[in-house]
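A closer look at the structure
What follows is each chain in one-letter form.
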Amino acid sequence: MRTGNRPEVALFVTCLVDMFRPNVGLAAVQLLARSGCEVVVPKHQTCCGQPAYNTGDDKVARRIAGQTIEILENYAHIVVPSGSCAGMLKEHYPKLFASEPDWSGRAKALAAKTYELTDFLVNVLGFDNVRAHYDGRVCYHDSCAGLRELGIKEQPRTLLKGVDGMSSVPLRDEEVCCGFGGLFCIKYPEVSGEMVGRKVKNIVASGADTLLAGDLGCLLNIAGKLTREGCNIRVWHVAEVLAGMTSGRAIGESEKRSAGN
């Protein structure tokens, strides 16, 4: 139930966050609550349907999308800590139901109130009360879906300016794909491996000790390559740094490596 005039937000956690990095979801809740929102995490949410959609299985994708719409459509705002999943709800659900008038309207209505996390904080709430500290030289990777579908570029960087102790360094080809691309890395592993290899070389060359991004798929892919290459570079979702939730292990960091640091 809503409380007073606090904006009501439903957090769509995403399956990658749920299964691999719940700390990102907790960080998103903290940031939204700190910005004055009433945050709800609706039960029974699952994958957004993007894997099925990307393989051309529109029947399964529509079934998953329909379930997601029914779960989320009664909330005032839907916020997603992932550009690719937010893009699925916002850009691709209306396409899936374009030939079904009733569902088309519901999909468009959901799309109109769906936001990527940093975009919602900056452009809807005008949030600037970051109150976080992070010691490190940081570079930022722009995830493809967030950048190209949703225009997520300056929003996370605007918020990061409020983090004390952090310095930012430029990353060559920061807007170039890391090679994850959902099922792309499974369909074309050699091409994907070459792409993430180039990304890692640029990260190392930047002199950064930390990589940030807003999409966990990219972060898991890059963190895995950094680990295999023996690179001592920390990897965090931008929400974790903004919320000051970096006391545990970074993405891809083993317990042994963390203890050694």
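Small disclaimer: the values here were computed from a predicted structure and weren't measured. (Residues numbered from 1 in each chain as written. Predicted model: local features only at pLDDT ≥ 70, side-chain atom pairs only at ≥ 80, totals over all residues. Heavy atoms only, no water.)

Quick notes on the pairing of strand 3 (residues 77–80)
Formally: For two strands to count as paired, DSSP must find a minimum of two bridges between them. Strands here are runs of E lasting at least two residues and helices are runs of H or I lasting at least four, both read from the DSSP assignment and numbered beginning at the N terminus.
Two strands pair when backbone bridges link them, and strand 1 (residues 8–11) and strand 3 are joined in this way by three bridges, in the parallel orientation. Pairing of Val9 across the sheet is with His77, part of strand 3. Direction of pairing for strand 3 relative to strand 4 (residues 114–116): parallel, over a ladder of three bridges. Residue pairing for strand 4: Val80 is matched across the bridge by Glu116.

Notes on the side chain of Ser104
Definition in use: Contact between two residues is taken to exist if any of their heavy atoms lie within 4.5 Å; hydrogens are not considered.
Along the chain, Ser104 turns up in helix 6 (residues 101–112). Among residues more than four places away in sequence, those in contact with Ser104 are Phe97 and Ala98.

A few points about the pattern of salt bridges
Convention followed: Salt bridges are identified by distance alone: a Lys or Arg side-chain nitrogen within 4 Å of an Asp or Glu carboxyl oxygen. Throughout, exposure labels follow a simple rule: accessible area from a 1.4 Å probe, protein chains only, divided by the maximum for the residue type, with under 20% read as buried, over 50% as exposed, and the rest as partly exposed.
A complete count under the given rule lists eleven salt bridges for this structure. Here Asp142 ties to Arg157 by a salt bridge, and the two come within 2.9 Å at their closest N and O atoms. Note that Asp142 is positioned in the loop between strand 5 (132–140) and helix 8 (144–150) and Arg157 in helix 9 (residues 154–160), a separation of 15 residues in sequence. By the burial criterion, Asp142 is buried, and Arg157 matches it. Where Glu175 meets Lys153, a salt bridge forms, and the shortest distance between an N and an O atom there is 3.0 Å. Here Lys153 lies in the loop between helix 8 and helix 9 and Glu175 lies in the loop between strand 6 (163–168) and helix 10 (184–187), a separation of 22 residues in the sequence. When salt bridges with common partners are traced through the structure, they connect Asp142, Lys153, Arg157, Glu174 and Glu175 into a single cluster.

Here's the deal with the layout of surface pockets
Note the following rule: Grid points spaced at 1 Å and placed over the protein atoms alone form the basis of the search, with a cavity being a set where a 1.4 Å probe fits but cannot get out and a pocket an open set showing protein on both sides within 12 Å along at least five of seven lines. Lining residues have an atom within 4 Å of a point. Grid points are joined across faces, edges and corners, and a volume is the space filled by probe spheres set on the points. Here the nonpolar group is Ala, Val, Leu, Ile, Met, Phe, Trp, Tyr, Cys and Pro; Asp, Glu, Lys and Arg are the charged ones; every other residue, Gly included, is treated as polar.
There is about 610 Å³ of room inside the largest pocket. In terms of lining, the largest pocket is formed by 29 residues, of which the most central are Gln50, Ser84, Phe180, Gly181 and Gly182. For the lining of the largest pocket, the class distribution of residues is 18 nonpolar, nine polar and two charged.

Quick notes on helix 4 (residues 58–72)
Note the following rule: Multiply 1.5 Å by the residue count of a helix minus one, and that product is the helix's expected span.
Given a rise of 1.5 Å per residue, 15 residues ought to cover 21 Å, and the 20 Å separating the end C-alpha atoms of helix 4 matches this to within 8%. Of all the positions in helix 4, only Ala61, Ala65, Gly66, Thr68, Ile69, Ile71 and Leu72 are classed as buried.

With respect to the packing of aromatic side chains
Put simply, the rule is: In this scheme Phe, Tyr and Trp rings, the latter by its six-membered ring, pair at centre separations within 6.5 Å, and the angle between planes marks the pair as stacked below 30 degrees, edge-to-face above 60, and tilted otherwise. We count a charge as sitting over a ring when the NZ of a lysine or the CZ of an arginine lies within 6 Å of the ring centre and within 35 degrees of the ring normal.
Per the counting criterion, the structure on display carries three aromatic pairs. Taking NZ or CZ as reference, Lys90 lies 5.3 Å from the ring centre of Tyr115, over its face. Taking NZ or CZ as reference, Arg106 lies 4.2 Å from the ring centre of Trp103, over its face.

Some thoughts on a nonpolar patch on the surface
Note the threshold: Residues enter patches when they are more than 30% accessible in relative terms and free of salt bridges; like-charged ones are connected within 9 Å and nonpolar ones (Val, Leu, Ile, Met, Phe, Trp, Tyr) within 5 Å. Methods summary: accessible areas were calculated by the Shrake-Rupley approach with a probe of 1.4 Å, and residue burial reflects only the protein chains presented.
There is a patch of nonpolar side chains on the surface, built from Met19, Phe20 and Leu220 and spanning about 310 Å² of accessible area. Among the structural elements, Leu220 can be located in helix 12 (residues 216–228). The class of Leu220 is partly exposed, set by a relative accessible area of 31%.

So, the sheet that holds strand 2 (residues 38–40)
Short version of the rule: For helices, the axis comes from a line fit to the C-alpha atoms of the stretch in contact; other axes are also lines fit to C-alpha atoms, and the angle between any two N-to-C directions lies between 0 and 180 degrees.
Read from one edge to the other, the open sheet built from four strands follows the order 2-1-3-4, with strand pairing classed as parallel. Of all strands in the sheet, those with a lone pairing partner are strand 2 and strand 4, marking the two edges. When strand polarity is set aside, the average angle formed by the axes of neighbouring strands in this sheet is 35°. Of the strands in this sheet, strand 3 and strand 4 are in contact with helix 5 (residues 83–96), which crosses strand 4 at around 160°.

Observations concerning the environment of Leu117
Counting through the fold element by element, Leu117 comes out in helix 7 (residues 117–124). Remark: the alpha-carbon pair of Leu117 and Met88, spanning 29 residues in sequence, is separated by 14 Å. Setting aside residues up to four positions removed in sequence, Leu117 forms contacts with Ala28, Leu31, Leu32, Val79, Val80, Pro81 and Ala239.

Here we look at the environment of Leu147
If you trace the backbone, Leu147 turns up in helix 8. Counting along the chain gives 33 residues from Leu147 to Phe180, while the straight-line C-alpha distance between them is 15 Å. Once residues within four sequence positions are removed from consideration, Leu147 is found in contact with Asp142, Ile152, Lys153 and Glu175.

Observations concerning the sheet that holds strand 6
Taken together, the four strands give an open sheet; going across it, the order is 6-5-7-8, and neighbouring strands pair in parallel fashion. Edge positions in the sheet fall to strand 6 and strand 8 (234–237), since each has one partner strand and no second. Ignoring which end each strand starts from, the neighbouring axes of this sheet average 40° apart. Pairing of strand 5 with strand 6, which is carried by five bridges, proceeds in the parallel orientation. The residue bridging Gly136 from the neighbouring strand is Met166, located in strand 6. Against the sheet, helix 12 contacts strand 7 (210–213) and strand 8, and its axis sits at roughly 175° relative to strand 8.

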